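Remarks on the overall topology
Below are the chains, spelled out letter by letter.
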Amino acid sequence: MGFAEVLSRAQAGLIAPQVRVEVHIGSGLPTFTIVGLPAPAVKESRERVRAALACCGYEVPAGRITVNLSPADLPKEGGRFDLPIALGILFASGQLQSVFDLARTEFYGELGLTGELKGVPGLLLAALHAAGCGHALVVPQCGVGDLMPVQTAQLFGLGHLRELATAQPLSTLACKPSQEVPTSYEHPPELDDVRGQWQAKRALLLAAAGGHSLLMEGPPGSGKTMLAQRLPGLLPLLPQSEALEVAAIMAVAQLRPGVSGAVSGLSAVPPFRSPHHTASAHAIVGGGTAIQPGEVSLAHHGVLFLDELPEFDRRVLEALREPLESGRVSVARANQRAEYPASFLLVAAMNPCPCGRAGQVRPPCRCQPAQISRYRSRISGPLLDRIDLRLRLAAVDATTLTDTEVTTPLRMDTAQARALVCLARQRQQQRQGKLNARLEAGETLHYVRVDSEGLAVLRKAAAIRGHSARSQHRVLRVARSIADLEGRDQVIASDIGEALSMRWDE
């Protein structure tokens, strides 16, 4: 008869709440009960734990084994509780003396029937929360590499349950906080490969510098996708704190930051997500039976590219409005709720009409006005109002495409453009501590100082175009980014004019 308590963690969105695995062995007929709102995968751990203990030479106590996963009202999922349950039984039955400080050590791992420890999803998220509490970690050996950037007190890697039988069986690994993420890009797509479209390149610079959303409308082959693919290369590398946050979201979604130069699953390159237009609302914003992060969260601190924007389901497009404003998305279900960060840079592309040839002479567009109107109306006014930069692209002529000597108003490679973006972002951080696109209404009026001529231009345009207050604030933020790229503190009339030229209205 005995009692033991082992620490672990569950997962609820990007929160990893502490779970106390309490094991009590009492007298009576042999039973094995797990309580505390376990999912089916957790209930099945009884059979995995029984087989693993037997294969490793331990005894399954002949009594009433009760395992309580506390707190009782928190849903528990996955096989991560196998190892703490098995250890709780061994400690409670007196078959094993702990070599750990159980009050400050957390255990994770799925057990194979032979006692082998297998990796579990979301381990990086649990490690980040454990590190905040100063707890040591005992994890499967196969998952140790992904946790190296996390500054924990102590990290132990176990390959098999048998390794607990002696006092020094563990592979004790000192964490390496000095191990940094990559400090340079590895061959990003070159901005200079895009011929013509100088205004679109300028818009890419502004989007990267101020974090502004961008919509490009143009015929097929005008370079919309090429431009979008070059945007991540213009962004600065992520600092380690943001790279860990991105990696934690990927771990929850059971993905890896799939870019070159990743260190132990950690990458400083901003993510780039490009879902197909048939994706559901759950796939884009998150959800499902077991709530998972969607594409807006997987693109956190990076770029979300939506090609063929009007082809997305209307509910998907309207669901983008909340994360575009707040930088977070909240997903609620009947018995659970999760909130994920979603501070992404939206880049979208669309054709001018269903056939894509509106405005062209050869071949001519054959779409009826009613068809074009229906096509364009799939993007609602409130969503358009939340997109800072809206450009209409023309097809690139053959001379511009093939002439290697052609000069354009904006000719620079990706590295040069990224250097300009980094300088502009430094100005914003020093001035207001955030990107221009993230300024609130009051902050916009405080930090965006416009001369009298510029204010006159803004007021006249608002009166003619019927701009809402939100639209006027967004014009001001884009103008602020233009001034930052130019290295000026004052926003002048030409900045307002350029910002207005990059915002077509219906």
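Residues numbered from 1 in each chain as written. Predicted model: local features only at pLDDT ≥ 70, side-chain atom pairs only at ≥ 80, totals over all residues. Heavy atoms only, no water.

**Comments concerning the overall build of the chain**
Filter applied, for reference: We count a stretch as a helix when DSSP gives it H or I for four or more residues in a row; a strand needs E for two or more, and each element gets its number in order from the N terminus. Categorising residues by exposure relies on relative accessible area from a 1.4 Å probe, with only protein chains included: less than 20% of the type maximum marks a residue as buried, more than 50% marks it as exposed, and the intermediate range marks it as partly exposed. Contact definition: two residues touch when any of their heavy atoms are within 4.5 Å. Per-residue and other accessible areas follow the Shrake-Rupley method at a 1.4 Å probe size, with only the shown protein chains counted as cover for residues. Here Asp and Glu are counted as negative and Lys and Arg as positive; His is not counted, and neither are the chain ends. Here the site of a charge means atom NZ of a Lys, CZ of an Arg, CG of an Asp or CD of a Glu.
Helices and strands together make up the secondary structure of the chain, namely 19 helices and 19 strands. The principal-axis extent of the C-alpha atoms belonging to the chain is close to 85 × 50 × 45 Å. Sorting the 506 residues of the chain into buried and exposed places 50% on the buried side. Contacts spanning at least 24 positions in sequence make up 75% of the contacts within the chain whose residues lie at least 6 apart. Accessible surface, the chain as shown: approximately 21,900 Å² in total, 52% of it carbon and sulfur. Here the chain contributes 52 positive and 48 negative side-chain charges, whose respective centroids are spaced 5 Å apart.

**So, the packing of aromatic side chains**
Applied cut-off: Classification of ring pairs uses Phe, Tyr and Trp, with its six-membered ring standing for Trp, and accepts pairs whose centres are within 6.5 Å; under 30 degrees between planes counts as stacked, over 60 as edge-to-face, and the remaining range as tilted.
What the rule picks out here adds up to 3 aromatic pairs. When the centroid spacing of 5.3 Å and the interplanar angle of 75 degrees are considered together, the rings of Phe100 and Phe156 count as edge-to-face. With Phe100 in the loop between α3 (82–92) and β5 (105–107) and Phe156 in strand β9 (residues 155–158), this residue pair connects regions lying 56 residues apart in the sequence. Note on Phe100: relative accessible area 12%, which makes it buried.

**With respect to the pairing of strand β2 (residues 18–26)**
As a reminder, the rule being used: In this analysis, strands are considered paired if DSSP registers two or more bridges between them.
As paired strands, strand β1 (residues 2–9) and β2 are joined by 8 bridges and run antiparallel to one another. Its bridge partner being in β2, Phe3 is matched across the sheet by His24. Where β2 and strand β4 (residues 64–70) come together, 7 bridges link them in antiparallel fashion. Considered in β4, the bridge of Arg20 is made with Ser70.

**A word on the packing of helix α18 (residues 469–486) against helix α19 (residues 493–501)**
Keep this limit in mind: All axes are obtained by fitting lines to C-alpha atoms, using only the stretch in contact for helices, and the reported angles, taken between N-to-C directions, cover 0 to 180 degrees. Orientation categories follow fixed angle ranges, with anything under 35 degrees roughly parallel, anything over 145 roughly antiparallel, 65 to 115 roughly perpendicular, and all other angles oblique. Handedness of each helix crossing follows the sense of rotation of the near helix against the far helix: counterclockwise by less than a right angle gives left-handed, clockwise gives right-handed.
The geometry of α18 relative to α19 is characterised by a closest axis approach of 8 Å and an angle of 120 degrees between their N-to-C directions. Between α18 and α19, the angle falls in the class oblique. As for how α18 packs across α19, the hand of that crossing is right-handed. Across from Val475, Leu476, Val478, Ala479, Ile482 and Ala483 in α18, the residues of α19 making contact are Asp495, Ile496, Glu498, Ala499 and Leu500.

**What about the environment of Leu235?**
Looking at the secondary structure, you find Leu235 in the loop between α6 (224–230) and α7 (240–252). With relative accessibility at 4%, the residue Leu235 sits in the buried group. Spatially, the C-alpha atoms of Leu235 and Ala103 are 43 Å apart, while their sequence positions differ by 132 residues.

**A look at the packing of helix α15 (residues 414–432) against α18**
Going by this rule: Gly falls in the polar group here, along with every residue not listed as nonpolar (Ala, Val, Leu, Ile, Met, Phe, Trp, Tyr, Cys, Pro) or charged (Asp, Glu, Lys, Arg).
Contact geometry of α15 with α18 gives a least axis separation of 8 Å together with a crossing angle of 115 degrees. α18 is crossed by α15, and the crossing has right-handed handedness. Of α18, the residues touching α15 (which contributes Leu420, Ala424, Arg427, Gln428 and Arg431) are Arg480, Asp484 and Leu485. For the contact of α15 with α18, the residue count by class is 3 nonpolar, 1 polar and 4 charged.

**What to know about the side chain of Arg390**
Basically, it comes down to this: Polar contacts here mean pairs of N or O atoms no more than 3.5 Å apart (in protein, one a potential hydrogen donor and the other a potential acceptor; neighbouring residues in sequence count only if both atoms are side-chain atoms).
Turning to its location among the elements, Arg390 is positioned in strand β19 (residues 389–392). By relative accessible area, Arg390 is classed as buried at 5%. Polar side-chain contacts of Arg390 include one of 2.6 Å to the backbone oxygen of Leu384. Among all residues touching Arg390, those that are not within four sequence positions of it are Leu215, Leu384, Asp385, Met502, Arg503, Trp504 and Asp505.

**Quick notes on the sheet that holds strand β12 (residues 272–273)**
Pairing within the open sheet is parallel, and its 5 strands lie in the order β12-β15-β18-β11-β19. Each end of this open sheet is capped by a strand with a single partner; those strands are β12 and β19. Relative to strand β18 (residues 345–350), strand β15 (residues 303–306) is paired through 4 bridges, and the arrangement is parallel. Looking at β18, one finds that Leu304 is bridged to Leu346. Seen against the sheet, helix α5 (residues 198–210) touches β11 (214–217), β18 and β19 and runs at an angle of roughly 170 degrees to β19.

**Considerations on the pattern of salt bridges**
Rule in force here: We define a salt bridge as a contact between a side-chain nitrogen of Lys or Arg and a carboxyl oxygen of Asp or Glu at a distance within 4 Å.
Following the criterion strictly, the structure yields 26 salt bridges and no others. A salt bridge links Arg378 to Glu311, with the shortest nitrogen-to-oxygen separation between them at 3.5 Å. In this pair, Arg378 is assigned in the loop between α12 (369–376) and α13 (381–385) and Glu311 in the loop between β15 and α10 (314–319), connecting sequence segments 67 residues apart. On the basis of relative accessibility, which here comes to 36%, the residue Arg378 falls in the partly exposed class. Residue class for Glu311 comes out partly exposed when judged on its relative accessible area of 36%.

**Quick look at the environment of Phe3**
If you trace the backbone, Phe3 turns up in strand β1. For the pair Phe3 and Ile25, spaced 22 residues apart in sequence, the C-alpha separation works out to 6.4 Å. Apart from residues no more than four positions distant in its own chain, Phe3 is found in contact with Glu22, Val23, His24 and Ala92.

**Quick word on helix α17 (residues 452–465)**
Our working definition: Under the convention used throughout, the expected extent of a helix is 1.5 Å for every residue step, that is, one less than its residue count. Each direction from the helix axis to a C-beta atom contributes to the arc, which is the arc of those directions.
With 14 residues, α17 ought to run about 20 Å at 1.5 Å a step, and its terminal C-alpha atoms sit 20 Å apart, in line with that. Looking only at α17, the buried set comprises Gly454, Leu458, Ala461 and Ala462. Taken down its axis, α17 places every buried residue within 100 degrees of arc, on the same side. Among the exposed residues of α17, those pointing more than 90 degrees away from its buried face are Ser452, Glu453, Arg459, Lys460, Ala463 and Ile464. Check the buried side of α17 and you find it contacts α18 and α19.

**Some words on the confidence of the model for the chain**
Heads up, the rule is: A score from 0 to 100, pLDDT tells how confident the predictor is in each residue.
On average, residues of the chain carry a pLDDT of 87, and 91% of them reach 70 or more. Averaged pLDDT values over the elements of the chain bottom out at 43 in strand β10 (residues 171–173) and peak at 97 in β15. This stretch, residues 167–181, has a pLDDT under 50; its non-local contacts, to residues over four places away or in other chains, come to 36 contacts. Segment residues 258–264: pLDDT under 50, and 15 contacts once partners within four positions in sequence are set aside and those in other chains are kept.

**A few points about unusual backbone geometry**
Residue Pro71 is reached from Ser70 by a cis peptide bond, and omega for that bond is 10 degrees. Mapping Pro71 onto the fold places it in the loop between β4 and α3. Despite not being glycine, Gln197 shows a phi value in the positive range, around 50 degrees. Along the polypeptide, Gln197 turns up in the loop between β10 and α5. The backbone of His301 sits at a positive phi, close to 65 degrees, despite the residue not being glycine.

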